[in-house]
Amino acid sequence: MKIVISGASGDLGRKITALLLQQVPASELILLTRHPAKLAAATALGAEVRKADFDDAPGLERALRGGDVMLLISTLSIGKRVQQHTTAIHAAKAAGIKHVVYTSSCGIQPQTPSISGKEHYATEHVLQKSGLHFTILRNSWYADVIPQLLMPAAIAMGTIGFSTGNGMVAPVAKADCARAAASVLANYRTHTNAIYEITGPQLFTLADMIAHCSTVSRKPIVYQNLSHADKQAIFDAMGISRDYQEGMMNDTTNAWASDEMITYEMAIKQGFFSICSRHIEMITGQPALSFAKVVQLHRASWDQQE
Ligand SMILES: NC(=O)c1ccc[n+]([C@@H]2O[C@H](COP(=O)([O-])OP(=O)(O)OC[C@H]3O[C@@H](n4cnc5c(N)ncnc54)[C@H](OP(=O)(O)O)[C@@H]3O)[C@@H](O)[C@H]2O)c1
């Protein structure tokens, strides 16, 4: 069996690769990146690293040859993703791959206001019409985002705001998304044409989650219930581009296009993320991490800034 992983140099791809290496021989892995040097350590372990770019269809097809199943990790390039993912799906079929596992998003409905949701919806449609076997992993909002990325500033400022109203979400640990993906890939034939809701074990409002973080940090953090226009003004004042710029989501800024972030909050407010499943436990045999556990795992980094 040959398992191909796109986006293998990224954070999610590395987590999934590390888990798969505990389940299958390294020689069964084909890891894709535009920059093979990034994955030198995996090459040393015996995995095959191939150069591939979703913007280069012929090269992508060559890179996919010999694979049985491909994990298509959605790219971050808002606006270009449907084209990139379509190229990858067609290349997979032309290369003889039989099954594609796709990392989608929670709340995939035609009416979603979320820009990324619309792109995932379109990609799911292309995949389901492709004639390939598929498994779709609809990942909920990463539970890590608040404790890892947003809490340091919230503690420093004593406040944080969202325009999600009373909308609910079951935040999921990124590590659990990786666990589910690795399990599906290692046993992909048992997940043929399944669509899974990859969520945490409990629904919360954003206010609930901030209140929990405030309690854990022992710092008062005022939750602001913002309008979408207020939130947009905050992003604009921070100088965050409304459109996606290649490379904008990096370790320093952690910013995505503000149009995407605002429409994601709209989707939460309108109930598109109000989905809580037990699919992680069903797929992996272990329950999903609670939000409280994910907070606990990241809170050491808050202490460092005090
Ligand atoms: N659920 C949530 O809350 C949430 C939040 C944010 C993101 N996400 C999703 O999380 C997933 C992965 O995130 P991550 O943290 O692993 O991202 P990351 O660390 O930034 O990695 C991005 C990966 O995409 C690859 N890539 C980008 N453009 C490419 C192209 N044109 N051709 C081939 N590969 C390309 C990169 O490969 P090279 O540069 O090596 O070629 C890299 O491996 C994405 O599916 C994203 O949509 C989910």
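The model shown is predicted, which means the values in this text are computed figures rather than measured ones.

Turning our attention to the environment of Leu203. With respect to the helices and strands, Leu203 occurs in the loop between strand E8 (194-198) and helix H8 (206-217). When its relative accessible area of 27% is taken as the criterion, Leu203 is described as partly exposed. With 33 residues separating them in the primary sequence, Leu203 and Ala170 have C-alpha atoms 4.2 Å apart. Among all residues touching Leu203, those that are not within four sequence positions of it are Met168, Val169, Ala170, Phe273, Ser274, Ile275 and Cys276.

Domain annotation for the protein reports domain 1 (3-139 + 173-198) and domain 2 (145-167 + 201-275 + 289-305). Contact residues are listed per partner, giving 18 residues for domain 1 and 16 residues for domain 2. Roughly 1,500 Å² of surface becomes buried between domain 1 and domain 2 when both sides are summed, with 67% attributable to carbon and sulfur atoms. Joining domain 1 to domain 2, the criterion identifies 0 salt bridges. The interface formed by domain 1 and domain 2 holds 4 residue pairs in polar contact (both at pLDDT 80 or more) in total.

Within the fold, Val126 resides in helix H5 (residues 115-129). Spatially, the C-alpha atom of Val126 lies 8.7 Å from that of His85, the residues being 41 residues apart in sequence. Those residues in contact with Val126, other than ones at most four positions away along the chain, are Thr86, Ile89 and His90.

Next up on the list: the sheet that holds strand E3 (residues 48-51). Here 7 strands make up an open sheet; going across it, the order is E3-E2-E1-E4-E5-E6-E8 and the pairing parallel. Each edge of the sheet is formed by a strand with only one pairing partner; in this case those strands are E3 and E8. On average, each strand axis in the sheet is tilted by 20° relative to the strand beside it, whichever way the strands run. As judged from the 3 bridges shared by strand E1 (residues 3-5) and strand E4 (residues 69-72), these two strands associate in the parallel manner. Note that in E4 the partner of Ile5 across the bridge is Leu71. In this fold helix H1 (residues 11-20) packs onto E1, strand E2 (29-33), E4 and strand E5 (99-105), with an angle of close to 155° to the strand it touches most, E1. The strands that helix H7 (residues 174-186) touches are E1, E4, E5, strand E6 (133-139) and E8; relative to E6, the one it contacts most, it runs at about 170°.

Tallied over the full model, the rule gives 11 salt bridges. As a salt-bridge pair, Asp11 and Lys174 come within 2.8 Å of each other at their nearest N and O atoms. With a gap of 163 residues between them, Asp11 in helix H1 and Lys174 in helix H7 connect regions that are remote in the sequence. By relative accessible area, which is 17% here, Lys174 ends up buried. Note that Glu48 and Arg50 form a salt bridge whose closest N and O atoms lie 2.9 Å from each other. By relative accessible area, Glu48 is classed as partly exposed at 34%.

Where H1 is concerned, the buried positions are Leu12, Gly13, Ile16, Thr17 and Leu20. With its buried residues spanning 130° around the axis, H1 presents them on a single face. Buried residues belonging to H1 abut E1, E2, E4, E5 and H7.

For soluble globular proteins, the rule of thumb is that nonpolar side chains tend to be buried together. Formed by 34 residues in total, the largest nonpolar core has its most connected members in Ile3, Ile5, Ile16, Leu20, Leu31, Leu185 and Ile198. Among the elements of the structure, E1, H1, E2, E4, H7, E8 and helix H11 (279-284) are those that each provide at least two residues to this core. Setting aside its immediate chain neighbours within four residues, Ile198 contacts Leu137, Arg138, Asn139, Ser140, Val172, Cys177, Ala180, Ile280 and Ile283. Core analysis: the next-biggest nonpolar cluster, separate from the first, contains 27 residues, Ile146, Met151, Phe204 and Ile268 among them.

Parameters at a glance
- Residues numbered from 1 in each chain as written.
- Predicted model: local features only at pLDDT ≥ 70, side-chain atom pairs only at ≥ 80, totals over all residues.
- Heavy atoms only, no water.
- Helix = DSSP H or I, 4+ residues; strand = E, 2+ residues; numbered from the N terminus.
- Buried < 20%, exposed > 50% of the residue type's maximum accessible area, 1.4 Å probe, protein only.
- Contact = heavy atoms within 4.5 Å.
- Domains from an automatic or database assignment.
- Buried area = accessible area lost by both parts, 1.4 Å probe.
- Salt bridge = Lys/Arg side-chain N within 4 Å of Asp/Glu carboxyl O.
- Polar contact = N/O pair within 3.5 Å; in protein donor to acceptor, adjacent residues only side chain to side chain.
- Pairing = 2+ DSSP bridges.
- Axes fitted to C-alpha atoms, helices over the stretch in contact; angles between N-to-C directions.
- Arc of directions from axis to C-beta.
- Core = buried A, V, L, I, M, F, W, Y, C linked by side-chain atoms within 4.5 Å.

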